[in-house]
Amino acid sequence: MHLSFVPPRRVKIGDAAAFVGTTPRAIRHYHAIGLLPEPERGGDGRRRYGHQDMIRLLWIRRMAGAGIALDDIRDALTADTGAVGDDRGDGGGGGEGGDADGGDGIALTLERLENSLAAQEAVLRRQRTAVQRIRAEGSRMGLLSDVVTDRFKSLPEGPPRQGELDTLLVTERIFGPLGAAVQATRFIALATHPALREESDRVDAAEESLDDTVAVDDPRVARVAAERHAFEGALDAFIEESGLAGDDDALFGAWDVPDPATTDQEEEEEEEEEEDDGGGGDRGCGGRRARTMSAFEAVGRMPYDFSPARLRCMELAEQLAAQDAPTA
């Protein structure tokens, strides 16, 4: 991670909406119905969204994209069980007519109607598939892309931890399914190596202790950075020795074209957004921006929850890794 560009710790509603692929209007609606708690406000009285707010928004968008009603999403997130499910499916169609002399017009109308029905059928198929996956997985892992969840199929320990699912969700939003699938390798390694898992938890806790009360030049910062560097080296070595690195190479080799499901899902979410808002509104803006947003733009809109001391720790750990890197 290069720290020459540091994203904000809190962002405005417009940047929050652009990152998750929705609109400010929809986010205000989520506040109004109790689906999203009101965030802190800045000195100008405007809402500011932090890291956990964005995590919740991303889950809301994924659930809505799977066809789950907003009331059911609110109940699921309020219960905080980590499991969601809904057997609901909506569909329908309509037709347009033409006069007897308008043969070409009727043909065009029927063509548009057929295309519309086909699109609705495709949306329903994707929603049914998503709901089936969610029910089968029994957790939010079913809301992630197939290429990500398939990496965990061989693990007998069960689904990843919620924090790991949160990380995969954010990574998939920024770098796509392939990026998240590669990152899943890390969590697979931890799930299959108890000693590494224990050390990971210890280093994570040490980093989390570097809160806003710790100065950037506190000796603990350098010590934790060295511990992080040592742990990452041990984890990388295990990934290489276990053959998991080869799985990553196979993923890259098989990834010849972009995943069409990603674009389809974003279009579906955009349609769902219009329905949630009662029709109309800024339908094209949020979805279009979400599909074309670069990784750099996405990182700039996703607030972080790290203190200055923890950022300095990450920077020192990166410097240690650069020193150990082989030179050409």
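Refer to the structure above for everything that follows.
Computed from a prediction, not measured in an experiment: that's the story for all the values here.

Parameters at a glance
Residues numbered from 1 in each chain as written. Predicted model: local features only at pLDDT ≥ 70, side-chain atom pairs only at ≥ 80, totals over all residues. Heavy atoms only, no water. Axes fitted to C-alpha atoms, helices over the stretch in contact; angles between N-to-C directions. Helix = DSSP H or I, 4+ residues; strand = E, 2+ residues; numbered from the N terminus. Parallel < 35°, antiparallel > 145°, perpendicular 65-115°, else oblique. Contact = heavy atoms within 4.5 Å. Nonpolar A, V, L, I, M, F, W, Y, C, P; charged D, E, K, R; others polar. Buried < 20%, exposed > 50% of the residue type's maximum accessible area, 1.4 Å probe, protein only. Polar contact = N/O pair within 3.5 Å; in protein donor to acceptor, adjacent residues only side chain to side chain.

> Kindly report on the packing of helix 1 (residues 13-20) against helix 2 (residues 24-32), identifying the contributing residues and their values.
If you want to describe how two helices pack, look at the angle between their axes and the distance between the axes. Orientation of helix 1 relative to helix 2, taken along the N-to-C sense of each, is 100 degrees, at an axis distance of 8 Å. When the axes of helix 1 and helix 2 are compared, the pair comes out roughly perpendicular. Across the interface between the two elements, Ile13, Gly14, Ala16 and Ala17 from helix 1 touch Pro24, Ile27 and Arg28 from helix 2.

> Any chance you could break down the environment of alanine 205 for me, citing the residues and the numbers?
Here alanine 205 is to be found in helix 8 (residues 194-208). Once the C-alpha coordinates of alanine 205 and valine 224 are considered, the two residues, 19 residues apart in sequence, prove to be 10.0 Å apart.

> Summarise the packing of helix 7 (residues 162-192) against helix 9 (residues 219-242); cite the residues concerned and give the values.
Two elements in contact, helix 7 and helix 9, have axes whose closest approach is 10 Å; the angle formed by their N-to-C orientations is 90 degrees. Considering their axes alone, helix 7 and helix 9 lie roughly perpendicular with respect to each other. Here Thr185, Arg186, Ala189, Leu190 and Thr192 of helix 7 come into contact with helix 9, specifically with Arg228, Phe231, Glu232, Leu235, Phe238 and Ile239. When grouped by side-chain class, the residues that make up the contact of helix 7 with helix 9 number 6 nonpolar, 2 polar and 3 charged.

> Describe the side chain of serine 307, with residues and values.
With respect to the helices and strands, serine 307 occurs in the loop between helix 13 (295-301) and helix 14 (308-324). Classification of serine 307 as buried rests on a relative accessible area of 5%. Separated by 2.4 Å, the side chain of serine 307 and the backbone oxygen of leucine 210 make a polar contact. The residues contacting serine 307, other than those within four sequence positions of it, are Arg9, Leu210, Asp211 and Asp212.

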